[in-house]
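Here are the chains, one letter per residue:
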Amino acid sequence: MAQRARALPTNVGDDFFVDDSCIDCAACRWIAPRTFDEARGQSRVHHQPASAPDEHRALMAQLACPTASIGSRPGKDVAAAQAAWPDEIVPGVYHCGYHSEASFGAASYLLVREAGNVLVDSPRYNRPLARRLEALGGVSLMFLTHRDDVADHQKWTEHFGCPRVMHEADIAGSTRGVERPVSGRDPVALDDELTVIPVPGHTRGSACLLFQDQTLFTGDHLAYAPRRGHLYAFRGACWFSWPELVASTHRLFAEHMFLHVLPGHGRRYLASSREDMARQQRACLDWLATV
Ligand code: SF4
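Residues numbered from 1 in each chain as written. Predicted model: local features only at pLDDT ≥ 70, side-chain atom pairs only at ≥ 80, totals over all residues. Heavy atoms only, no water.

Draft legend 1. Up close: the overall build of the chain. Scanning the chain from N- to C-terminus turns up 7 helices and 19 strands. In terms of overall dimensions, the chain is globule-like: its C-alpha atoms have a radius of gyration of 19 Å, near the 19 Å expected for 291 residues. Overall size of the chain, expressed as C-alpha extent along the three principal axes, is 55 × 45 × 35 Å. Per-residue burial for the chain yields a buried fraction of 56% across its 291 residues. A separation threshold of at least 6 residues defines the contact pool for the chain, and within that pool the share at least 24 residues apart is 55%. Counting every atom, the chain has about 12400 Å² of accessible surface; 50% of that belongs to carbon and sulfur. (Helix = DSSP H or I, 4+ residues; strand = E, 2+ residues; numbered from the N terminus. Rg over C-alpha atoms; globule rule 2.2 N^0.38 Å. Buried < 20%, exposed > 50% of the residue type's maximum accessible area, 1.4 Å probe, protein only. Contact = heavy atoms within 4.5 Å. Areas by Shrake-Rupley, 256 points an atom, 1.4 Å probe, with all protein chains shown as cover.)

Now the structure itself:
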């Protein structure tokens, strides 16, 4: 629980606050940008919520914070914020919220579809979210993009009885029980709508999940950088091989179509058209050639 006595001096106002346990995962800044931004390497409140919708988003960020570093005065409609997770991004695709410190605050997603819902990476396990996922039809399959973002995968798979899919090169420790390992570098079709695309680089076993040539869940392989204005990769957090990551990105762009990039860390990108995504990919490849 956030401690007001440890509130950062950079906070503005005294209702919502961020304390010094913030790990700078950035989640609150894109969940509620009208309330939170970055200052001196951590998040802070730059404006207290001035409207009911702003307060609602700030409360959603408070629930999502992986380290419980956000606090606020009592008496707010926390139940409404709980009911707002998971948050629909595009029809049928939800951001789960409830980020986990075990995955350094990475985002996780729920894909709702007739053929069975898919949980992509692991949110922090908790009853309010479990009830909301049950109301949306439960989870039939869990896809783990790579070893860093697995968090509470065991609890979720026990709760829903869902098999897990992960690339074998990243399976170790708590993921040894993964039911459906994939291997190699070729794409693997899970069914008519879902394709696993191995993208070694960030880790040896990193993989993306493509849904209907539309939505690409990228884990920590690829994200959008607002300051750069294009898709990019984490040069400073590449644990396996940067040349492999660059090669994986070239293959990914050459062989697959998608409109939406939904990452674990970093910002999502929802292209307005195929041409828009093609421009993003060209800018990304141009940038990769310079790094
Ligand atoms: S969500 Fe929490 S840990 Fe992440 S940047 Fe915001 S306050 Fe810090």
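Draft legend 2. Examining the nonpolar core more closely. Membership of the largest hydrophobic core comes to 61 residues, with the highest contact counts inside it found for F36 and L209. With 6 residues, helix α2 (residues 52–64) is the largest single contributor of residues to this core. Viewed by domain, this core spans two of them, domain 1 (4–81) and domain 2 (85–288), each represented by three or more residues. With residues near it in sequence (within four places) discarded, F36 still touches V18, C28, R29, R44, V45, H46, A58, A61 and I70. If you look at the next biggest cluster of nonpolar residues, it comprises 28 residues, including V199, F258, A271 and C284. (Core = buried A, V, L, I, M, F, W, Y, C linked by side-chain atoms within 4.5 Å. Domains from an automatic or database assignment.)

Draft legend 3. Summary view of the domain arrangement of the chain. Under the domain assignment, the chain is made up of domain 1 (4–81) and domain 2 (85–288). Spacing between the C-alpha centres of domain 1 and domain 2 amounts to 26 Å. Taken together, the contacts link 15 residues of domain 1 with 15 residues of domain 2. Buried surface at the junction of domain 1 and domain 2, summed over both partners, amounts to about 1200 Å²; 60% is from carbon and sulfur atoms. Among the residues of domain 1 in contact with domain 2, I23, W30 and P66 are the three that bury the most area, contributing 42% of the side total. Counting every contact that joins domain 1 to domain 2 gives 1 salt bridge. For the salt bridge of D87 with R57, the shortest nitrogen-to-oxygen distance reads 3.2 Å. (Buried area = accessible area lost by both parts, 1.4 Å probe. Salt bridge = Lys/Arg side-chain N within 4 Å of Asp/Glu carboxyl O.)

Draft legend 4. Structural view of the state of the cysteines. On inspection of all chains with the given rule, the structure shows 0 disulfides. Of all cysteine sulfurs in the structure, the one in C162 sits closest to C96, which takes part in no disulfide; the separation is 12 Å. (Disulfide = S-S within 2.5 Å.)

Draft legend 5. The sheet that holds strand β7 (residues 109–111), seen in detail. Read from one edge of the open sheet, 7 strands run β5-β6-β7-β8-β9-β10-β11, paired in mixed fashion. Sheet topology places β5 (87–90) and β11 (180–182) at the edges, where each strand pairs with a single neighbour. Taking the axes of each pair of neighbouring strands and ignoring which way they run, one obtains an average angle of 25 degrees across the sheet. Relative to strand β10 (residues 164–167), strand β9 (residues 141–143) runs parallel, the two sharing 2 bridges. If you follow F143 over to β10, its bridge partner there is V165. Along the sheet, helix α5 (residues 153–160) contacts β8 (118–120), β9 and β10; its crossing angle with β10, the most-contacted strand, is approximately 145 degrees. (Pairing = 2+ DSSP bridges. Axes fitted to C-alpha atoms, helices over the stretch in contact; angles between N-to-C directions.)

Draft legend 6. Just the pairing of strand β14 (residues 207–211), in detail. Here β14 lies mainly inside the structure; 5 of its 5 residues are buried. Residues A207, L209 and F211 point to one face of β14 and C208 and L210 to the other, with burial holding for every one of them. Inspection of the sheet shows strand β13 (residues 194–198) paired to β14 by 5 bridges, in the antiparallel sense. From the neighbouring strand, T195 faces β14, where its bridge partner is L210. Relative to strand β15 (residues 215–219), β14 runs antiparallel, the two being bridged by 3 bridges. The partner of L209 across the bridge, within β15, is F217.

Draft legend 7. Helix α4 (residues 127–135), seen in detail. Among all positions of α4, only L129, A130 and L133 are buried. All buried residues of α4 fall inside an arc of 100 degrees around its axis, so they share one side. Buried residues belonging to α4 abut β7 and α5. Its side-chain oxygen at 3.0 Å from the backbone nitrogen of L129, N126 defines the N-terminal cap of α4. Positive phi appears at G137, one or two residues downstream of α4, with a value of about 110 degrees. (Arc of directions from axis to C-beta. Polar contact = N/O pair within 3.5 Å; in protein donor to acceptor, adjacent residues only side chain to side chain.)

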